[in-house]
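# Observations on the three-dimensional arrangement
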Amino acid sequence: MLTKINHIGVAVASLEEALPFYRDQLGMTYHGSEEVASQKVKVAFLAIGESKIELLEPTSPESPVAKFLEKNGPGVHHIAYSVPDIEAAIAQLVAGGARMIDAVPRPGAHGARIAFIHPKSSGGVLTEICG
Ligand code: CMX
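Rules used throughout
Starting from 1, residues in each chain are numbered consecutively following that chain's sequence as written. Owing to the predicted nature of the model, reporting of local features is limited to residues with pLDDT of at least 70; listing and counting of side-chain atom pairs is limited to 80 or more, with chain, interface and lining totals taken over all residues. Hydrogens and water molecules were not included; the side-chain quantities draw on all heavy atoms of the structure. Here a residue is near a molecule or strand as soon as one of its heavy atoms is found within 4 Å of it. Polar contacts here mean pairs of N or O atoms no more than 3.5 Å apart (in protein, one a potential hydrogen donor and the other a potential acceptor; neighbouring residues in sequence count only if both atoms are side-chain atoms). Only the protein chains shown count as cover for residues, and the accessible areas themselves come from Shrake-Rupley with a 1.4 Å probe. Helix and strand assignments follow DSSP, with helices taken as H or I runs no shorter than four residues and strands as E runs no shorter than two, numbered in order from the N terminus. Under the scheme applied, nonpolar residues are Ala, Val, Leu, Ile, Met, Phe, Trp, Tyr, Cys and Pro; charged residues are Asp, Glu, Lys and Arg; polar residues are all the others, including Gly. For two strands to pair, DSSP has to find at least two bridges joining them. Contact between two residues is taken to exist if any of their heavy atoms lie within 4.5 Å; hydrogens are not considered. Every axis in this analysis is a line fitted to C-alpha atoms, fitted for helices over the stretch in contact. Angles between the N-to-C directions lie between 0 and 180 degrees.

Another point: the site of the ligand. Around the ligand, a shell composed of 21 residues is seen, among which Gln39, Lys67, Lys71, His77 and Lys120 lie nearest. At 2.6 Å, a side-chain N or O of Lys120 approaches an oxygen atom of the ligand. Between the ligand and the protein, one listed contact pairs an oxygen atom with a side-chain N or O atom of Glu128 at 3.4 Å. Within the complex, 70% of the 970 Å² of free accessible area of the ligand lies under protein. For the shell around the ligand, the elements supplying multiple residues, two or more each, are strand E4 (51–58), helix H2 (64–72), strand E5 (75–82) and strand E7 (113–117). Top element by residues in the shell around the ligand is H2. It accounts for five residues. Of the residues in the shell around the ligand, the class split is ten nonpolar, five polar and six charged.

Glancing now at the sheet that holds E5. Backbone hydrogen bonds hold the strands of a sheet together, and the pairing may be parallel or antiparallel. Read from one edge of the open sheet, eight strands run E2-E3-E4-E1-E5-E8-E7-E6, paired in mixed fashion. If you trace the sheet from one side to the other, it starts and ends with strand E2 (29–36) and strand E6 (106–107), each paired once. Across four bridges, the pairing between strand E1 (residues 4–11) and E4 is parallel. Within E4, the position partnered with Val10 by the bridge is Leu55. Packed onto the sheet, helix H3 (residues 86–95) meets E7 and strand E8 (127–130) and runs at close to 10° relative to E7.

Let's shift gears to the pairing of E1. Alignment of E1 against E5, held across seven bridges, turns out to be antiparallel. Looking at the pairing, Val10 lines up with Val76 of E5.

Rendered as structure tokens:
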């Protein structure tokens, strides 16, 4: 069902403060930032080889990332996997008993279509699939 890890999401309080560590100290390639209004976050993508890190800054106190930061502080927030057919992947997950946060795909960063699996049904790891 999965083809590769698409990205790892990291919650930060401020993109501006977090970026220098990843871009300048770790030497990752910065691919720009964008706001994902539907998720109430601003995201920055950084690449290392084929792999990507997505830094997430909340844009509102109601953002799921704001709640995460309040509870846990900054850190790894989710793992996202690429799937060739997101509707088929959701159907397969639901049939297997997974609790989907998104039963239908919604728009994510970079024009991707995404869906989240609830961390309570994925061993405590918030899991995203990207079509
Ligand atoms: N990883 C692991 N567990 C998480 C979590 C995360 N990122 N976020 C929340 N949880 C856990 C909480 O710790 C809590 O556990 P307990 O019940 O044991 O205390 C439980 O999930 C419920 O959390 P909550 O703080 O009460 O928050 P909500 O129920 O309001 O929301 C969730 C939780 C996962 C449904 C919500 O955060 C969500 O819909 N997330 C998916 C969307 C998202 O994160 N978008 C931002 C990314 C944008 C992008 O990549 O484009």
